[in-house]
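# A look at the structure
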Amino acid sequence: MADTVLHDVTEGLATITLNRPDAMNALDEATKNALRDALHRAADDPAVRAVLLTGNGRAFCVGQDLKEHIGELQQQGGGALTTVREHYNPITLAIATMPKPVVAAVNGVAAGAGAGFAFAADHRILADSAAYNTAFAGIALTADSGMSWSLPRLVGPARAKNLLLFPRSVKAEEALELGLADRVVPADRLAEEARETARRLAEGPTAAYAAIKESLDYGASHSLAETLDKEGELQLRAGASEDHRIAVEAFVRKETPRYVGR
């Protein structure tokens, strides 16, 4: 795997770190391939029970590497943006549909696809120095990286349209007010706070977390009656899990459950 993306698995937690600090973690082709592959590896690895996604340096990710992109435009014209289907779509899907919780630790600016990847995560912790920018309209592009889907669900359709039509820096405290952050912490505490949150999730009933994610995704696009049927199906699966038995037995004994993720 290219060293533009670092991938470490420790005690059930996969930490995936964008590692182009000199380029503010801009997404060149090598980085997009490595990020996509790291996420797929984490999703498929039974030893991984939660994922922490972050960046090295002063940025989380500023989106597409425009220096590389301009060369591709000169050679391919609009065809250069096949990267959306080849890279951004599978990356976003991997984050959003992974059967494990994903925490985004936004250490700095997250713009364009970088913001989209953070929005696709299950939990977002921002450094107080971090900021979002939708960015797309600023370079005459439409939304990608799932932002047309995730942003209205986080802030509502009207605010989403405003943020996309008038791209601007949304600083951490405003992001918290809008619902684009779950927590804002001092920059020097971000790594520790994010690891602790992700580790807590990794130690939890991860099979139940997967069912919760699946249930919410299903309910967003189906009727109440259909969603009730889906909940019944998923609850049967959760009820048959080893984690459920462990939780009930621990409750009866007044002990802390030690989940196994199945």
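Summarised in this report is the structure supplied together with it. Keep in mind that what you see is a predicted model, and the values were worked out from it rather than measured.

As a further point, take the overall build of the protein. On a plain count of helices and strands, the protein comes out with 11 helices and 10 strands. Here the C-alpha atoms of the protein give a radius of gyration of 19 Å, agreeing with the 18 Å that 2.2 N^0.38 yields for 262 residues. In terms of overall dimensions, the protein has C-alpha extents of about 65 × 40 × 35 Å along its principal axes. Going through the 262 residues of the protein one by one, you find that 45% of them count as buried. Side chains of the protein carry 28 positive and 35 negative charges; the gap between the two charge centres is 2 Å.

Inspection of the entire model under this criterion finds 2 aromatic pairs. Measuring from centroid to centroid gives 6.0 Å for Tyr88 and Phe117, while their planes differ by 65°, and the two rings are edge-to-face. Residue Tyr88 is found in helix H3 (residues 83-97), and its partner Phe117 is found in helix H4 (residues 113-120); the two are separated by 29 residues along the sequence. Residue Tyr88 shares its accessibility class with Phe117, and that shared class is buried.

This paragraph deals with the nonpolar core. The nonpolar side chains of a soluble globular protein tend to be buried with one another. By size, the foremost hydrophobic cluster in this structure holds 62 residues, and its most contacted members are Ile16, Leu35, Ile95, Val106, Leu126 and Tyr132. The element contributing the most residues to this core is H4, with 6 residues.

This next bit is on the side chain of Asp65. Residue position: Asp65 is located in the loop between strand S4 (59-61) and helix H2 (66-76). Given a relative accessible area of 10%, Asp65 falls into the buried group. Only 2.9 Å separates the side chain of Asp65 from the side chain of Arg20, close enough to count as a polar contact. In contact with Asp65, other than residues within four places in its own chain, are Arg20, Ala26, Leu27 and Asp28.

Criteria and cut-off values
Residues numbered from 1 in each chain as written. Predicted model: local features only at pLDDT ≥ 70, side-chain atom pairs only at ≥ 80, totals over all residues. Heavy atoms only, no water. Helix = DSSP H or I, 4+ residues; strand = E, 2+ residues; numbered from the N terminus. Rg over C-alpha atoms; globule rule 2.2 N^0.38 Å. Buried < 20%, exposed > 50% of the residue type's maximum accessible area, 1.4 Å probe, protein only. Lys, Arg positive; Asp, Glu negative; His and termini not counted. Charge placed at Lys NZ, Arg CZ, Asp CG, Glu CD. Phe/Tyr/Trp six-rings, centres within 6.5 Å; stacked < 30°, edge-to-face > 60°. Core = buried A, V, L, I, M, F, W, Y, C linked by side-chain atoms within 4.5 Å. Polar contact = N/O pair within 3.5 Å; in protein donor to acceptor, adjacent residues only side chain to side chain. Contact = heavy atoms within 4.5 Å.

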